[in-house]
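Residue-level structural notes
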Amino acid sequence: MTVNKISLEANSLDKNMILKSMEKVPPLWGLDAYIAVNPFMGYTDDSFINSLTYLESVLKEELIPNENLLSGKPIKASNVKNSKIHKLEALLGGFLASYSDQGISFWPNPWKDLDLWNAFLQWSNKDPLMNSLLDDSGKEALKSLSTQAIESIIAMAKKHGQLNEKKLEKLLFLMPGWASYFRKSTWLEDFEENSDLPSYLAILCFLDIYINEVTSIENDSRKLTDIKQRFENLQFHENEYRSKLLAKLKEKKENPNSKISRKVRFLFCIDVRSEPMRRYLEAQSDLIETDGFAGFFGMPISWKYWTNENLSHSPAIIKPPLAFKDSHNMTVTKKMSTVKNWIQKIKRTFPVGFHYVESAGFLSSLGLSAKSLGIVKNNQFSRKVLDRDIEKSIDTIGKEAAVDVAEGILNHLSWKDHFPDYIIITGHGSHTYNNPHEAGLSCGACSGQTGELSSRFFCILMNREDVREGLSLKGIHIPKETKFIPAIHETVTDKIQVLKENDLDEDFKKDLNTWIDNAQREYQLEKQAKLGLDPKTAIRRSKDWAEVFPEAGLAGCASIIVAKNIRTRDCNLEGRSFLNSYDWKNDKDCKTLELLLTAPVVVASWINLQYFASTVTPSLFGAGNKLIHSIVGNFGVFEGNSWDLKAGLPLQSVHDGIKFIHQPIRLQAIVEAPIEYIEKVLAGNQGISQLVDGEWIHLIAWDPDFGFQIRLNKKWSKI
């Protein structure tokens, strides 16, 4: 193993260095759209081992897993962080939470209309704790510093000389949740002088210079175990997993029934939880086939609800070009929602909340009793959008654009002919109660929403006569009898709910429900053997408002396979593989392959590395223990009495109380395509080539002529 030395020497600080430091911070999406993000995304311009070696030296934390984590031995989850950080939280956390509040607080922050840096300057003059900690030079600095954040950072660096690029990185890692939250506001955009993250960094720099004891961290007394040995252990376990996976794929023989006419085709999200369901469905009948595609199903939409929420239903790495809104009148619902919001504000406001509890709190006992006894509905997705609103939305964009959207997704799926009678577009979602991170268990491709709207939008689009006529002119002929049917896979109970059952033939409906019920039962038995999740408790778990482990989410994710569906049919991939259907023979210009390598593969790597970091270093990159979570500002959580905004995954997403349920290894990306196709995409896309060449993921070509080839050191080697 060769580790390049990275200079840690102090350097002069200029605007470019400040911007470079901030660009390394990953975004943190709010609780309503909790999306997996690679916490190391700002360091992928260097190799995995170089970057993590450097970060271990900066953070004094082990970021490469030890053997106990890799082998799945029983291990107590440690969530303890340096005590010095609590001083920074106590001083700054309340101000940041108040300023960032999104309408929950009855009394808004008085400086909410200012940018964060200027709000801090105003608050600092008023806060008694801040004033008690500042000496005369600090108080004078509050008056003399520029109102421009980046300009102030440069001025402080010139005057005091203790700020450099490494120091800025270290400051941003002190409370990484807050840094990531402020990064979100400028995600996919250039930083402005006083946008949130530059303002936050200016605050940290001010505190580091004038109240150093709240930002300085004493040297960790722990001696980090040898990084070379840990890295070699990691490579061993990755090779072990890859060897077993490729052996299964090599043993896969052509099914003699692979060319028979199918009655029904399910299209699932590529999510790892879809793989067992697809496997068990296909085992029910040769009349069934399945495909995988990102769970927004190529529908680049965002939806503005009557609440004025404008939520994306598309992957985080794109801005959805099609934005629609509800048009139906919901007067009663709106009034009830307004009343509920006011009640929530009253309950959270001191001292009014005490009077509310004394006078009307008994009414809450009805809801408490219902939740405690499980007398609540489940499998009900909260946002109701009418079909006519979707139809109006498609009318709005016009026939030509609608046909182009339909053609694009069908081309990417290689669905040009051989359409079965029914195509069931199966989105997914996770329904739980009292779970701030519920969106993290729903569809990441839909920005943390369920796949219901994307599925319905897809089906209504494809069932329209004018769209099919337009597709026919482009050479794609969908038979009149083919029906696109929306469905939802609920991942706690693993029940597939067909949303338009009345559009099914009665005889077929009976068979379909039998197949779905059998697949559900077998999938739940697999979960029981693997995770100890008793099938009999699935419905209770989805309704239990005290349940901290409703499901395992994407724990265990370790590979993505981009190949024809027949390549993985009948293969038990243990619920660890993202499955994206792809036929390279229908992709001569490599456009689909480029899309898949730069979107689903990148997103799969984000998920994999988020689970990796939340397992290896939960104290820094995890969201803490669900049992003591407090929601802050409707966008994140605190843990216990901490004021540190938590990023990453809750402890219960990676640990079952005895051992970690996620093995922290890097993603294996297996792509069925000629090597020259893959090389063409890598040459034109820096982002994915950095992940591959830096070994953040392992790329394996499933070449039709040369078999499995792995890319290492920019060269291909036969496995």
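Just so you know, these numbers come straight off a predicted model, no measurement behind them.

Basis of the calculations
Residues numbered from 1 in each chain as written. Predicted model: local features only at pLDDT ≥ 70, side-chain atom pairs only at ≥ 80, totals over all residues. Heavy atoms only, no water. Helix = DSSP H or I, 4+ residues; strand = E, 2+ residues; numbered from the N terminus. Buried < 20%, exposed > 50% of the residue type's maximum accessible area, 1.4 Å probe, protein only. Contact = heavy atoms within 4.5 Å. Areas by Shrake-Rupley, 256 points an atom, 1.4 Å probe, with all protein chains shown as cover. Pairing = 2+ DSSP bridges. Axes fitted to C-alpha atoms, helices over the stretch in contact; angles between N-to-C directions. Disulfide = S-S within 2.5 Å. Core = buried A, V, L, I, M, F, W, Y, C linked by side-chain atoms within 4.5 Å. Expected span 1.5 Å × (residues − 1). Phe/Tyr/Trp six-rings, centres within 6.5 Å; stacked < 30°, edge-to-face > 60°. Lys NZ or Arg CZ within 6 Å of the ring centre and 35° of its normal. Salt bridge = Lys/Arg side-chain N within 4 Å of Asp/Glu carboxyl O. Parallel < 35°, antiparallel > 145°, perpendicular 65-115°, else oblique. Nonpolar A, V, L, I, M, F, W, Y, C, P; charged D, E, K, R; others polar. Arc of directions from axis to C-beta. pLDDT = per-residue confidence, 0-100.

A closer look at the overall build of the protein chain
Broken down by element type, the protein chain carries 28 helices and 16 strands. Sorting the 719 residues of the protein chain into buried and exposed places 57% on the buried side. When contacts within the protein chain are restricted to residue pairs at least 6 apart in sequence, those whose partners lie at least 24 apart make up 75%. As presented, the protein chain carries roughly 31,200 Å² of accessible surface, and 52% of it is formed by carbon and sulfur atoms.

Looking at the sheet that holds strand 2 (residues 288–292)
The five strands lie next to each other as 2-1-6-7-8, forming an open sheet whose pairing is mixed. This sheet does not close on itself; its edge strands, each paired only once, are strand 2 and strand 8 (495–498). Looking at each pair of strands side by side, their axes are set apart by 25° on average, direction ignored. When strand 1 (residues 264–268) meets strand 6 (residues 422–429), the two strands line up parallel, connected through five bridges. Bridged to Leu267 within strand 6 is Ile425.

Some details on the state of the cysteines
Within this structure, the stated rule accounts for zero disulfides. Free cysteine Cys269: the closest other cysteine sulfur is in Cys443, separated by 4.1 Å. Under the relative-accessibility criterion, Cys269 is labelled buried at 5%.

Some thoughts on the nonpolar core
Judged by nonpolar contacts, the single largest core of 133 residues is most densely connected at Phe578 and Ile678. Among the elements that line this core, the one with the most residues is helix 25 (residues 600–616), at 10 residues. Those residues within four positions of Phe578 in sequence are excluded, and the remaining contacts are Ile270, Asp271, Val272, Leu554, Cys557, Ser559, Ile560, Ile561, Ala604, Ile607 and Leu667. Among the nonpolar cores identified, the runner-up in size contains 65 residues, and Met130, Trp178, Phe206 and Ile211 belong to it.

Thoughts on helix 11 (residues 196–210)
The end-to-end C-alpha distance of helix 11, which contains 15 residues, comes to 21 Å, matching closely the 21 Å that a straight helix rising 1.5 Å per residue would cover. Most of helix 11 sits out of view: 14 of its 15 residues are buried.

A short note on the pairing of strand 6
Extensive coverage of strand 6 is indicated by the burial of eight of its eight residues. In terms of strand pairing, strand 6 meets strand 7 (residues 483–490) through eight bridges, oriented parallel. Across the sheet, the residue bridging to His428 is His489, located in strand 7.

Things to note about the packing of aromatic side chains
This model, assessed by the stated rule, comprises 31 aromatic pairs. Directly above the aromatic system of Tyr280 lies the positively charged group of Arg279, at a separation of 5.0 Å from the ring centroid.

Thoughts on the sheet that holds strand 3 (residues 301–304)
What the three strands build is an open sheet, ordered 4-3-5; its pairing is mixed. Looking at strand neighbours, the two that pair on one side only are strand 4 (310–312) and strand 5 (322–325), the edges of this open sheet. Looking at each pair of strands side by side, their axes are set apart by 25° on average, direction ignored.

Observations regarding the pattern of salt bridges
Tallied over the entire structure, the rule returns 32 salt bridges. As a salt-bridge pair, Glu189 and Lys319 come within 3.8 Å of each other at their nearest N and O atoms. Of the two residues, Glu189 sits in the loop between helix 10 (176–184) and helix 11 while Lys319 sits in the loop between strand 4 and strand 5, which places them 130 residues apart along the sequence. For Glu189, a relative accessible area of 44% puts it in the partly exposed group. The salt bridge partner of Glu574 is Lys248, with a shortest N-O separation of 3.5 Å. Taken together, the residues span a long stretch of sequence, with Glu574 in the loop between strand 9 (559–563) and strand 10 (577–581) and Lys248 in helix 12 (residues 227–251) at a distance of 326 residues. Accessibility expressed as a relative area gives 27% for Lys248, which makes it partly exposed. What you see here is one network of salt bridges that share partners, running through Arg262, Arg265, Glu289 and Asp291.

Quick look at the packing of helix 9 (residues 165–172) against helix 11
The angle between the axes and the distance between the axes are what describe a pair of packed helices. Contact pair helix 9 / helix 11: the axes reach a minimum separation of 10 Å and the direction vectors enclose 105°. One finds that helix 9 runs roughly perpendicular with respect to helix 11. When helix 9 is examined against helix 11, the residues Lys167, Leu168, Leu171 and Leu172 are found in contact with a partner set consisting of Leu197, Tyr200, Leu201, Leu204, Cys205 and Asp208. For the contact of helix 9 with helix 11, a count of residues per class yields eight nonpolar, no polar and two charged.

Digging into the environment of Tyr433
Tracing the sequence through the fold places Tyr433 in the loop between strand 6 and helix 19 (438–441). The class for Tyr433 is partly exposed, based on a relative accessible area of 22%. Counting along the chain gives 113 residues from Tyr433 to Ala546, while the straight-line C-alpha distance between them is 7.9 Å.

Thoughts on helix 27 (residues 675–684)
Of all the positions in helix 27, only Ile675, Tyr677, Ile678, Val681 and Leu682 are classed as buried. For helix 27, the angular spread of the buried residues around the axis is 160°, confining them to a single face. In this structure, helix 27 carries Glu676, Ala683 and Gly684 as exposed residues pointing more than 90 degrees from its buried face. Residues of helix 27 that are buried in the fold lie against helix 24 (591–598), strand 13 (667–671), helix 28 (686–693), strand 14 (697–703), strand 15 (707–712) and strand 16 (715–718).

Observations concerning the confidence of the model for the protein chain
In the predicted model, the protein chain carries a mean pLDDT of 89, and the fraction of residues at 70 or more is 87%. Residue range residues 1–11 is modelled with pLDDT below 50. Its contacts to residues more than four positions away, or to other chains, number 20 contacts.

Thoughts on the pairing of strand 7
Regular strands place side chains that alternate from one sheet face to the opposite one. For strand 7, a buried count of seven out of eight residues is recorded, marking the element as mostly surrounded by other parts of the structure. Across four bridges, the pairing between strand 7 and strand 8 is antiparallel. Across the sheet, Ile488 pairs through a bridge with Gln497, a residue of strand 8. Counting the residues that bridge the hairpin from strand 7 to strand 8 gives four residues, and of these Asp494 lies at a positive phi of roughly 60°.

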